[in-house]
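# Results of the structural survey
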Amino acid sequence: SGSASISFIDEYGKESSTNSLSAGEVCGLLVLSGLSGRDYPGSIISLTDVEVLYIRKDSFFQWILQYESVRNYIFQGLLDGMVLMNNKLVEKENDPVEKRLIKLILELHSTQTAKIYFSHQNLATEIGTAREVVSRTLKKFRILGWIKTGRGWIEILEQNKLEQFLCDTVTE
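These lines cover the structure that appears in this document, whether it is placed above or below. (Residues numbered from 1 in each chain as written. Predicted model: local features only at pLDDT ≥ 70, side-chain atom pairs only at ≥ 80, totals over all residues. Heavy atoms only, no water.)

### Let's talk about helix H6 (residues 131–143)
Note the following rule: Where helices and strands are cited, they refer to DSSP runs of H or I of at least four residues and of E of at least two residues respectively, numbered from the N terminus. Expected span of a helix, by definition, is 1.5 Å for each gap between consecutive residues, and there is one gap fewer than residues.
With 13 residues, H6 extends 18 Å from end C-alpha to end C-alpha; this agrees with the ideal 18 Å at 1.5 Å per step. At the exit of H6 stands Gly-145, carrying a positive phi of roughly 85°.

### Quick notes on the nonpolar core
We apply this condition: Only buried residues count toward a nonpolar core, which is a set of Ala, Val, Leu, Ile, Met, Phe, Trp, Tyr and Cys residues joined through side-chain atoms within 4.5 Å. Residue exposure (1.4 Å probe, protein chains only): buried if accessible area is under 20% of the type maximum, exposed if over 50%, otherwise partly exposed. Here, residues are in contact when the closest pair of their heavy atoms is within 4.5 Å.
Residues Leu-101, Ile-102, Leu-123 and Leu-138 are the most contacted members of the largest nonpolar core, which totals 23 residues. Where this core is concerned, the elements lending two or more residues are helix H4 (97–111), helix H5 (120–127), H6, strand S6 (153–156) and helix H7 (159–171). The greatest single-element share of this core, amounting to seven residues, is contributed by H4. If we ignore the near neighbours within four places in the chain, the residues touching Leu-101 are Leu-123, Ile-127, Val-134, Thr-137, Leu-138 and Phe-141. Grouped together as the second largest cluster of nonpolar side chains are six residues, Val-26, Val-31, Phe-60 and Ile-74 included.

Bear in mind that shape data such as this cannot, by itself, settle questions of function.
Structure representation (C-alpha cells):
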C-alpha cells in the first residue's frame, strides 16, 4: 500500500525523479538492480505510509520459473514502469514548470490530508527543476490566492483555479 517516488542521482550529484509507484506496482529499477547485482544510483522516497514486499533472489527466480501469473505480473510491471518513466521524461521536456508543479501538488493532495507535507527541494526533484524555481512559482500561486504555504507544507485554497490553469495550458 502507499506511494513512493523513485529518483536517480547522476555523476554530478544532481537528483531527479524518474518515476513514482502506487500500491501493487513493481519497482522495475530495483528488480533489475537486484538481479544484476549492481547498486541503483538513486533513492526511493515514500510519499505516504508504504508497505513493501521484498523477495530473496533465489525465491524470486524460482517463482518466475514456476508460476506464470507471477512472471506475467513482474514483466508487465517492468514494462509499465518503463513506459511511465518515458512519459515523465517527455512531460519534463514539454510541459512548463507551472503545469508540472500544479499536477504534482494536485496528485499529492489526493493522497494526503488537507496540507501537503513536502519540501521545496523534494518538489523540485520530482518535477526536474531547481528549488529556487519551485519557490518562485509557489510564491506566484500564493499571491494569486490559490495556495497557502509554510515551512515544509502547502495547503490548497483554490483547487478549481489550479485545475483551470492546467486546462488553459492544454488549449494554448
